[in-house]
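Tertiary structure, described
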Amino acid sequence: MICDLKNDINLRGYAFEFVSKVQLRRYKKNNFIFQTNLFQGIDEILDTYRLTVSKRHEDFIKYMREYGMHCDIISFTIDKLNRRIQEIEIFDVKTRSHTIKKPYFEMCTSGLEFFLKARDQNITSKIVSVVLFRDWKYSMNIIDFNRTKIREYTRFNQVSL
């Protein structure tokens, strides 16, 4: 079977979420960085890795329990003695071809709401921009969410009454 990542956007997205997670773990020297689509929810991550939520992050964790994890990658900085979360950082991975020259990133309504809620709760939020070149080369940049232009989109079909 031959697959074309240029045209299979969903597969390309999942592949580069994994690549981004690996690169972030190497760069940050932190193993508590996870692809959220591999877990049923935030509690699965917290329980599996025996993480304790600090008071500072209780509201955001509660929000994620109620509304889901609308980010591609989540990173925890923990106190190694008691496994208490000290910092949370969230990432949305955006992959595009080098031929695309849009000056903004696109984000669905629910994802944008999630990132805005995170910002309101002082959770560090970033965009991982992956640009694909020929011959398996790619460029990866981490950009502060607050310094990016976001174009919101929705796939919700509004029905006229």
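As a starting point, this report considers the structure included with it. Keep in mind that this is a model prediction, so the values were computed, not measured.

1. Here's the deal with the environment of Asn141
Among the structural elements, Asn141 can be located in strand 6 (residues 138-144). Among the residues examined, Asn141 registers a relative accessible area of 39% and is labelled partly exposed. For the pair formed by Asn141 and Lys80, sequence separation is 61 residues and the distance between their alpha carbons is 28 Å. Excluding its chain neighbours within four sequence positions, the residues that come into contact with Asn141 are Ile127, Val128 and Ser129.

2. Focus on the sheet that holds strand 6
Strand order in the open sheet made by the five strands is 1-2-3-5-6, with mixed pairing throughout. Only two strands of the sheet have a single partner each, and these edge strands are strand 1 (33-35) and strand 6. On average, each strand axis in the sheet is inclined to that of its neighbour by 25 degrees, with strand direction left out of account. Note that strand 2 (residues 73-79) and strand 3 (residues 84-97) share seven bridges and pair antiparallel. Across the sheet, residue Ile74 finds its bridge partner in strand 3, namely Ile90. Contacts from helix 1 (residues 9-28) reach strand 1, strand 2, strand 3, strand 5 (124-132) and strand 6, with the element oriented near 175 degrees to strand 1. Seen against the sheet, helix 4 (residues 109-120) touches strand 3 and strand 5 and runs at an angle of roughly 145 degrees to strand 3.

3. Focus on the packing of aromatic side chains
According to the stated counting rule, one finds twelve aromatic pairs in the structure shown. Relative to Phe76, the ring of Phe34 has its centre 6.2 Å away and its plane inclined at 50 degrees; by these criteria the two rings are tilted. In this pair, Phe34 is assigned in strand 1 and Phe76 in strand 2, connecting sequence segments 42 residues apart. By relative accessible area, Phe34 is classed as buried at 2%. For Phe76, a relative accessible area of 0% puts it in the buried group. Cluster of aromatic residues (ring-pair linked, three or more members): Phe60, Tyr63, Tyr67, Phe114, Phe115 and Phe145.

4. Side note on the nonpolar core
Note on soluble globular proteins: their nonpolar side chains tend to be buried together. One finds Ile42, Ile74, Phe76, Ile88 and Ile90 to be the most contacted residues of the largest nonpolar core, which totals 29 residues. Listing elements by their share of this core, those giving two or more residues are helix 2 (42-48), helix 3 (58-67), strand 2, strand 3, strand 4 (105-108) and helix 4. Apart from the residues within four sequence positions on either side, Ile90 is in contact with Cys71, Ile73, Ile74, Phe114, Phe115, Ala118, Ile123, Thr124, Ser125 and Lys126. One finds Ile73, Val128, Val130 and Leu132 within the second-largest nonpolar core, a separate group that totals nine residues.

5. Overview of unusual backbone geometry
A positive phi angle, close to 50 degrees, is found at Lys29, a residue other than glycine. Here Lys29 shows up in the loop between helix 1 and strand 1. Lys29 gets classed as exposed once you look at its relative accessible area, which sits at 76%. A positive phi angle is found at Asn122, which is not glycine, with a value near 60 degrees. On the basis of relative accessibility, which here comes to 58%, the residue Asn122 falls in the exposed class.

6. Regarding the pairing of strand 2
Among the seven residues that make up strand 2, five are buried, leaving the element largely enclosed by the rest of the structure. As paired elements, strand 1 and strand 2 share three bridges and run antiparallel to each other. Residue pairing in the sheet places Ile33 in a bridge with Ser75 of strand 2. Between strand 2 and strand 3, which pair antiparallel in sequence order, lie four residues; one of them, Arg83, sits at a positive phi of approximately 60 degrees.

Procedures and definitions
- Numbering of residues starts from 1 in every chain and runs along the sequence as written.
- Predicted model: local features are reported for residues with pLDDT of at least 70 only, side-chain atom pairs are reported and counted for 80 or more only, and whole-chain, interface and lining totals are derived from all residues.
- Side-chain calculation: all heavy atoms of the structure are included, whereas hydrogens and water are not.
- In this description a helix means any DSSP run of H or I spanning at least four residues, a strand means any run of E spanning at least two, and both kinds are numbered starting from the N terminus.
- To sort residues, take the accessible area from a 1.4 Å probe on protein chains only and compare it with the maximum for the residue type: under 20% means buried, over 50% means exposed, and anything in between is partly exposed.
- In this description, contact between two residues means that some pair of their heavy atoms is separated by no more than 4.5 Å.
- A pair of strands is labelled paired if DSSP reports no fewer than 2 bridges between them.
- The angle between two axes is taken between their N-to-C directions and runs from 0 to 180 degrees, where each axis is a line fitted to C-alpha atoms and a helix contributes only its stretch in contact.
- Between the rings of Phe, Tyr and Trp (Trp by its six-membered ring), a pair exists once the centres lie within 6.5 Å; its type follows the angle of the planes, with under 30 degrees stacked, over 60 edge-to-face, and the other angles tilted.
- Each nonpolar core is a collection of buried residues, namely Ala, Val, Leu, Ile, Met, Phe, Trp, Tyr and Cys, held together in the definition by side-chain atoms within 4.5 Å.

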